[in-house]
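Observations on the three-dimensional arrangement
Here's the letter readout for the chains.
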Amino acid sequence: MSEEIRVRFAPSPTGFLHIGGARTALFNWLYARHNSGKFVLRIEDTDKERSTDEYIDAIIEGMKWLDLDADEGPFRQTDRFDIYKGYIDKLVAEGKAYYCYCSPEELDAKRKEAMKQGKALKYDGKCRDLDKPVEGVKPVVRFRMPHEGQTTVEDLIKGNVSFDNEQLDDLIIARSDGTPTYNLTVVVDDVDMKITHVIRGDDHLNNTPRQTQIYEALGYKVPKFAHLPMILGADKARLSKRHGATSVMAYYEMGYLPDALINYLVRLGWSYGDQEVFTKDELVEYFSFENVGKAASIFNPEKLLWLNAQYIMNSSSEKLGELVMPFLVKDGTVKEGQEIDMAWLAKAIDTLKERSKTLLELAESLRYYISEDVEFDEKAKAKFLNDNSRDMLVELKDGLTAISDFTTEEIEKLFNSIIEKHEVKLGKLAQPVRVALTGGTQSPGIFEVIDVLGKEKTVNRLERAIQSI
RNA sequence: GGUCCCAUCGUCUAGUGGCCUAGGACGCUGGCCUCUCACGCCGGAAACACGGGUUCGAGUCCCGUUGGGAUCACCA
């Protein structure tokens, strides 16, 4: 019997959950679900200077929105300092790590010098063989890296990657205040949490041989690795605020559906033949590292927008009604405490969902259905609400008022009789009506709009438009 | 600069030596549909970075060049 697959997402709470982190979390989640394994969330907050509880909450909020549910955690490394301490002491006792008394300033100066001379920026090993402590200096602990041979990382995505051990320097595993650093904690935790596959961004690939050495010094089996290619901005630089929104929750605010973001993100680096749109179940079923590419990819907001439109189009109007409510409340279309008939809202959304790329757009369009009055677009009013259309609008208003059976069929008959009488095409009447009812020149089919609005609102708005001429 | 990774349309990608006259998707674009806007449908422009090998045959394998990225903290 094979061992259970266990993966983890291990963000550092020094910022919000961003696009890159979300993609890493997603691939971990997919791998766990595909293999019926476990997905662990671990917060790497050993850097107390930069980590905050707010960011921990923000990361959890982002994952919750994306519905990337963890099976275990969140674990916090700051709760585990005793564990790391034990391992650090053990390493020192066995001579696999040593105290280093060099000051940060001294190290910095050496780095700059090395940079100037174009040499490798590597710790020179000054304290490596020191036999007694330096008085009055709080030392850091350094891991004693081997200087000879090679370390090969077996990566599920990149293949075998070899590094000369000569390259590896004696990295710091404990700060002078005794707190552990990343390269130690990540190894200890992955061992302790029985992580079988380390799936992370390929910016970690260069760290991997160092970590491999630590695994071996501790006497543990190294897990499997899968280093995901980076997500870059349009200028091929690392994705940052300059490239637009990078925080996952910003996409919530812009009216994106979580599944659309997921679908977009998964196709950045992964593919399944020519398929573009996937359900979550399909993703779980199809996901495999064999189909993960090696090259970095560029974040393309247009394609995400298109996917979001697809997801909106294919969502039920009832569900969209629920999702769009917060946006309606936020922009004031729906007042605090105002009752909205959700069945009616769904009917309104039926007419709008194939012309809304985001929930924000949907909310905006919904305004002319929900609000009492509509504001006329100046140019539209000038072009369509004028003496040319006035008579037809009056006839329509009177005709609609007189209709007892307010059905689309009857309404269409009325429209036809008016345009026949005036010898014009439907557009000549439909556009002025559209402006009268929605305030602008773009909307769903005019009969759909009237149907959603109902008799009273339709007649009132026509009256108001006529008065404005 | 050292080390490591990477390289198919503008972008995401299919391609695992002959099925490639290189396929799909976004975007762009011409048309159809039509009461507007969308949706949808039909069509178009658009790529194997370059140079050497290996092979009967290379987008696919190897080497080099070029280009891009990552990393080199008492950050993770």
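Preceding block: the structure.
Residues numbered from 1 in each chain as written. Chains lettered and ligands numbered in written order. Predicted model: local features only at pLDDT ≥ 70, side-chain atom pairs only at ≥ 80, totals over all residues. Heavy atoms only, no water.

**Notes on the nonpolar core**
Under the convention used in this document: Residue types Ala, Val, Leu, Ile, Met, Phe, Trp, Tyr and Cys, when buried and joined through side-chain atoms within 4.5 Å, form a set referred to as a nonpolar core. Here the term buried applies to any residue with accessible area under 20% of the maximum for its type, exposed to any over 50%, and partly exposed to those in between, with areas from a 1.4 Å probe on protein chains only. Secondary structure elements are taken from DSSP: a helix is a run of H or I of four residues or more, a strand is a run of E of two residues or more, and numbering for both begins at the N terminus. Only heavy atoms enter the contact rule, under which two residues are in contact if any of them lie within 4.5 Å.
If you look at the biggest cluster of nonpolar residues, it comprises 102 residues, and the most contacted ones within it are Phe 299, Leu 366 and Tyr 369. Looking at this core element by element, the count peaks at 10 residues for helix 18 (residues 446-468). Look past the residues within four positions of Tyr 369 in its chain and what remains in contact with it is Trp 344, Ala 348, Thr 351, Leu 352, Pro 444, Val 449, Val 452, Leu 453, Lys 457 and Arg 461.

**What about the protein's contact with RNA strand B?**
Using the following cut-off: Any residue with a heavy atom positioned within 4 Å of a molecule or strand is treated as near that molecule or strand. Definition of a polar contact: a pair of N or O atoms within 3.5 Å, with one able to donate and the other able to accept a hydrogen when the atoms are protein atoms, and with sequence-neighbouring residues admitted only if both atoms are side-chain atoms. In the scheme used here, Gly and all other residues not listed as nonpolar or charged are polar, with Ala, Val, Leu, Ile, Met, Phe, Trp, Tyr, Cys and Pro taken as nonpolar and Asp, Glu, Lys and Arg as charged.
Taken together, 61 residues sit near RNA strand B, with Thr 46, Arg 175, Gly 269, Arg 355 and Arg 434 positioned nearest. Taking Ser 176, its main chain carries an N or O atom lying 2.9 Å from a base oxygen of RNA strand B. In the model, a base oxygen of RNA strand B is placed 2.3 Å from a nitrogen or oxygen of the Arg 434 side chain. Those elements giving two or more residues to the surface near RNA strand B turn out to be helix 4 (104-116), strand 7 (159-164), strand 12 (297-298), helix 10 (301-313), helix 17 (426-438) and helix 18. Residue composition of the surface near RNA strand B, grouped by class: 20 nonpolar, 22 polar and 19 charged.

**Description of the layout of surface pockets**
Applied cut-off: The definitions used throughout rest on a 1 Å grid laid over the protein atoms alone, on which a cavity is an enclosed set of points accommodating a 1.4 Å probe that cannot get out and a pocket is an open set flanked by protein within 12 Å on both sides along at least five of seven lines; lining residues are those having an atom within 4 Å of a point. Grid points are joined across faces, edges and corners, and a volume is the space filled by probe spheres set on the points. Residue ranges assigned to each domain were obtained from an automatic or database domain assignment.
Taken as a whole, the largest pocket encloses approximately 1200 Å³ of empty space. If you trace the largest pocket, you find 43 residues lining it, with Ser 12, His 18, Gly 21, Asp 203 and Arg 238 closest to the centre. Contributing elements (two or more residues each) for the lining of the largest pocket: strand 1 (6-9), helix 1 (19-34), helix 5 (182-192) and strand 9 (197-201). Per element, the largest residue contribution to the lining of the largest pocket is six residues, and it comes from helix 1. For the lining of the largest pocket, the domains that each give at least three residues are domain 1 (6-78 + 231-301) and domain 2 (80-228). Computed from the structure, the second largest pocket encloses a volume of approximately 590 Å³. Around the second largest pocket, the lining is made up of 26 residues, and of these Thr 196, Lys 221, Val 222, Pro 223 and Lys 224 lie nearest the centre. Sorting the residues of the lining of the second largest pocket by element identifies strand 6 (150-155), helix 5, helix 6 (208-218) and strand 10 (224-228) as the ones contributing at least two each. It is strand 6 that contributes the most residues to the lining of the second largest pocket, five residues altogether. Here the residues of the lining of the second largest pocket sort into nine nonpolar, eight polar and nine charged.

**Description of the environment of His 227**
In this structure, His 227 sits in strand 10. Each C-alpha atom of the pair His 227 and Thr 208 lies 9.8 Å from the other, and the pair is 19 residues apart in sequence. With residues up to four places along the chain from it excluded, the contact list for His 227 reads Asp 155, Ile 157, Lys 158, Arg 200, Gly 201, Asp 202, His 204, Leu 205 and Thr 208. Within the structure, His 227 has its side chain in polar contact with the side chain of Arg 200 (distance 3.2 Å).

**What about the pairing of strand 2 (residues 38-43)?**
Where we set the bar: Two strands qualify as a pair provided DSSP detects at least 2 bridges between them. Handedness of a crossover is defined as follows: orient the strands so they point away from the viewer, and if the path from the first strand over the helix to the second runs clockwise, the crossover is right-handed.
Burial analysis of strand 2 places five of its six residues in the buried class, which makes it a mostly covered element. Bridge analysis of strand 1 against strand 2 gives four bridges, and the strand direction is parallel. Looking at the pairing, Arg 8 lines up with Val 40 of strand 2. Read from strand 1 through helix 1 to strand 2, the crossover connection turns out right-handed. With three bridges joining them, strand 2 and strand 3 (residues 72-76) adopt parallel strand pairing. The residue bridging Ile 43 from the neighbouring strand is Arg 76, located in strand 3. Crossover handedness for the path strand 2 to helix 2 (residues 53-66) to strand 3: right-handed.

Purely geometric stuff here, so don't read any function into it on its own.
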